[in-house]
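Inside the fold
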Amino acid sequence: MFSQLTLKTSYSDEYFIKVGYDIRNEVIGFLAQGFSTSKIIMVIDGNVDNTFGEDWFNDLKKSFKHVVKCVVPSGEKSKSLSSYNQLLDNILSSGIERKTPLLAIGGGVTGDLAGYVAASVLRGIPLIHVPTTLLAMVDSSIGGKTGINHSTGKNLIGAFYQPKAVFSDLKFLETLPEKEWVNGISEILKCGFINDPSIFEELKELTREGDFSPAKEWKHLVEKSAAIKVHIVARDVKESGIREFLNFGHTFAHVLERIGEYTDYSHGEAVYVGMWAAVFASNKLGADIGIANLKDFKSLYDVYKDGFQTNTDELVSLMQKDKKVQNEKVRLVLLKSLGQPYTRTISDKQLLNSSWDYVKEIFG
Ligand code: ADP
Ligand code: ZN
């Protein structure tokens, strides 16, 4: 029996998140029992489909008469209106009903796109997430954010829509490229800073000398990180108060992602750099946080240097233009100490400048 987390949101039924290894049968059992329908929609990432698609499709066929399979090409470009349209065409032409479940198997891209389709088609059909990247397991599959990009910016079209369940099957991680592991590791480190510093030791054990432990052994840490997100999201479903803590390192990160045109820096690399800046700023405002917990993982990252040539004033002014910024006042998530986050509106531009200068020195 796997342990499981429950996320109770104020405006939808509660749902559970289960982390296990090789749990395909259990997922399909849940679907077959929970949804009295002969049809299911399976939306799967292209790369994941190559290795795992056939097994999932064949097993779904044993429980459902019709399996409508849609493959989402790998990569951020699939979070687009045209992919959304294509998916809708496939799904609607297959003749679905309000109770037809949609199973989303993939990373953040597939989850966000398929989630938004599930939220909007027929005003909402049941959504079940099967995240296949470490990042999606600990972060993007939890909390109900769905959406796609618009030509004027990222994630500008979307909805809050909670899934019926999230099943994280660690078996998928066995084929995950190292770069994608590191992407997820940043969000796990973030959980260490904002909530539970015991994460650092555990993560060190699992990444000893740059060799990642077998996927199965990540269960406890994936559960722990997911539980932290669950705990924060459950207390703040629509992102007004404490959910902001999940943005630790992200205000800086978004600037790097932008100047690198979303290709030079992965989200995880940018967040890792952003956490160095946020720790520096926290210390400037009175905290006393050592940098060992950042340094210990630095060899996992190969951060692109050229972005740090950008003028510091320009980096700061980009921060002031972030979509979440009001009146050019930057709000940062900072730490009083490890595990003790707070938010602060920063009027002292000098603090932002010196934080950027600090990371430029480290990564430039
Ligand atoms: P994220 O979850 O980081 O937001 P994506 O959905 O873009 O990111 O997935 C990142 C990349 O990893 C994509 O190229 C995707 O096809 C690939 N991918 C996802 N899951 C797996 C997996 N389990 N094994 C191998 N590749 C995967
Ligand atoms: Zn993030």
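Just so we're clear, the structure is a prediction, and the values are computed from it rather than from any experiment.

Here we look at helix α12 (residues 312–319)
Considered for burial, the residues of α12 that qualify are Thr312, Leu315, Val316, Leu318 and Met319. Buried residues of α12 fall within an arc of 160 degrees about the axis and therefore sit on the same side. Residues of α12 that are buried in the fold lie against α9 (250–259), β10 (330–337) and α13 (349–363). The distance from a side-chain oxygen at the start of α12 to the backbone nitrogen of Asp313 is 2.8 Å, and the residue carrying that oxygen is Asn311.

Brief notes about the site of ligand 1
The environment of ligand 1 is made up of 16 residues, and the closest members are Asp45, Gly108, Thr132, Thr133 and Thr175. Measuring from an oxygen atom of ligand 1, one finds a side-chain N or O atom of Thr133 at 2.7 Å. Taking Phe172, its main chain carries an N or O atom lying 2.8 Å from a nitrogen atom of ligand 1. In isolation ligand 1 exposes 560 Å². Once the protein is present, 86% of that is buried. Secondary structure elements with two or more residues in the shell around ligand 1: α2 (46–63), α4 (108–120) and α6 (178–194). When the residues that make up the shell around ligand 1 are grouped by side-chain class, the tally is six nonpolar, eight polar and two charged.

Brief notes about the packing of helix α10 (residues 267–284) against α13
In the contact formed by α10 and α13, the axes pass within 9 Å of each other and the chain directions differ by 130 degrees. Classified by the interaxial angle, the pair formed by α10 and α13 is oblique. Seen along the crossing, α10 lies across α13 with a hand that is right-handed. Taking contact as the criterion, the partners of Tyr272, Val273, Trp276, Ala277, Phe280, Ala281 and Lys284 in α10 are, on α13, Leu351, Ser354, Ser355, Tyr358, Val359, Ile362 and Phe363. Split by residue class, the contact of α10 with α13 holds eleven nonpolar, two polar and one charged.

Things to note about the side chain of Thr110
Here Thr110 shows up in helix α4. Among all residues touching Thr110, those that are not within four sequence positions of it are Val43, Ile44, Asp45, Val72, Ile105 and Gly115.

A closer look at the environment of Val273
Positionally, Val273 belongs in helix α10. Residue classification places Val273 among the buried residues on the basis of a relative accessible area of 1%. Each C-alpha atom of the pair Val273 and Gly249 lies 7.5 Å from the other, and the pair is 24 residues apart in sequence. If sequence neighbours within four positions are ignored, Val273 has contacts with Leu256, Val303, Phe308, Val359 and Phe363.

A word on the packing of aromatic side chains
Applying the stated criterion to the full structure yields 22 aromatic pairs. Their ring planes at 90 degrees and their centres at 5.8 Å tell us that Trp276 and Phe363 sit as a pair that is edge-to-face. Here Trp276, found in helix α10, pairs with Phe363, found in helix α13; they are 87 residues apart in sequence, far enough to count as distant. Taken as a pair, Trp276 and Phe363 share a single burial class, namely buried. By way of ring pairs, the aromatic residues Tyr265, Tyr272, Trp276, Phe280, Tyr301, Tyr304, Phe308, Tyr358 and Phe363 are connected into one cluster.

With respect to the pairing of strand β6 (residues 127–131)
Looking down a regular strand, the side chains alternate between one sheet face and the other. Counting buried positions along β6 yields five of five residues, so the element is predominantly enclosed. Going residue by residue along β6, you find Leu127, His129 and Pro131 tucked away on one face and Ile128 and Val130 tucked away on the opposite face as well. The pairing of strand β5 (residues 102–106) with β6 spans five bridges and is classified as parallel. What sits directly across from Ile105, in β6, is Val130. As paired strands, β6 and strand β9 (residues 165–169) are joined by two bridges and run parallel to one another.

Considering the environment of Asp348
In this structure, Asp348 sits in the loop between β11 (340–346) and α13. With 18 residues separating them along the chain, Asp348 and Val330 place their C-alpha atoms 9.5 Å apart.

Quick word on α10
Helical periodicity: at 3.6 residues per turn, an α-helix aligns residues three or four positions apart in one direction. Here α10 is 18 residues long and its end C-alpha atoms lie 25 Å apart, about the 26 Å a rise of 1.5 Å per residue gives. Two residues or fewer after α10 comes Gly286, characterised by a positive phi angle close to 115 degrees.

As for the nonpolar core
One recurring pattern in soluble globular proteins is that nonpolar side chains are buried together. Judged by nonpolar contacts, the single largest core of 70 residues is most densely connected at Leu134 and Trp218. When residues in this core are grouped by element, the largest group, eleven residues, is from α10. Counting contributing residues per domain, this core is built from domain 1 (2–175) and domain 2 (248–364), each supplying no fewer than three. Once you skip the residues sitting within four places of it in the chain, Leu134 turns out to touch Leu173, Leu176, Trp181, Gly184, Ile185, Ile188, Trp218 and Val222.

Some words on the domain arrangement of the chain
For an interface, size is often stated in terms of accessible area lost upon the parts coming together. If you check the domain split of the chain, you get domain 1 (2–175) and domain 2 (248–364). Computed from C-alpha atoms alone, the centre-to-centre distance between domain 1 and domain 2 is 32 Å.

Cut-offs applied
- Residues numbered from 1 in each chain as written.
- Chains lettered and ligands numbered in written order.
- Predicted model: local features only at pLDDT ≥ 70, side-chain atom pairs only at ≥ 80, totals over all residues.
- Heavy atoms only, no water.
- Buried < 20%, exposed > 50% of the residue type's maximum accessible area, 1.4 Å probe, protein only.
- Helix = DSSP H or I, 4+ residues; strand = E, 2+ residues; numbered from the N terminus.
- Arc of directions from axis to C-beta.
- Contact = heavy atoms within 4.5 Å.
- Polar contact = N/O pair within 3.5 Å; in protein donor to acceptor, adjacent residues only side chain to side chain.
- Near = heavy atom within 4 Å.
- Areas by Shrake-Rupley, 256 points an atom, 1.4 Å probe, with all protein chains shown as cover.
- Nonpolar A, V, L, I, M, F, W, Y, C, P; charged D, E, K, R; others polar.
- Axes fitted to C-alpha atoms, helices over the stretch in contact; angles between N-to-C directions.
- Parallel < 35°, antiparallel > 145°, perpendicular 65-115°, else oblique.
- Left-handed = near helix turned anticlockwise from the far one by under 90°.
- Phe/Tyr/Trp six-rings, centres within 6.5 Å; stacked < 30°, edge-to-face > 60°.
- Pairing = 2+ DSSP bridges.
- Expected span 1.5 Å × (residues − 1).
- Core = buried A, V, L, I, M, F, W, Y, C linked by side-chain atoms within 4.5 Å.
- Domains from an automatic or database assignment.

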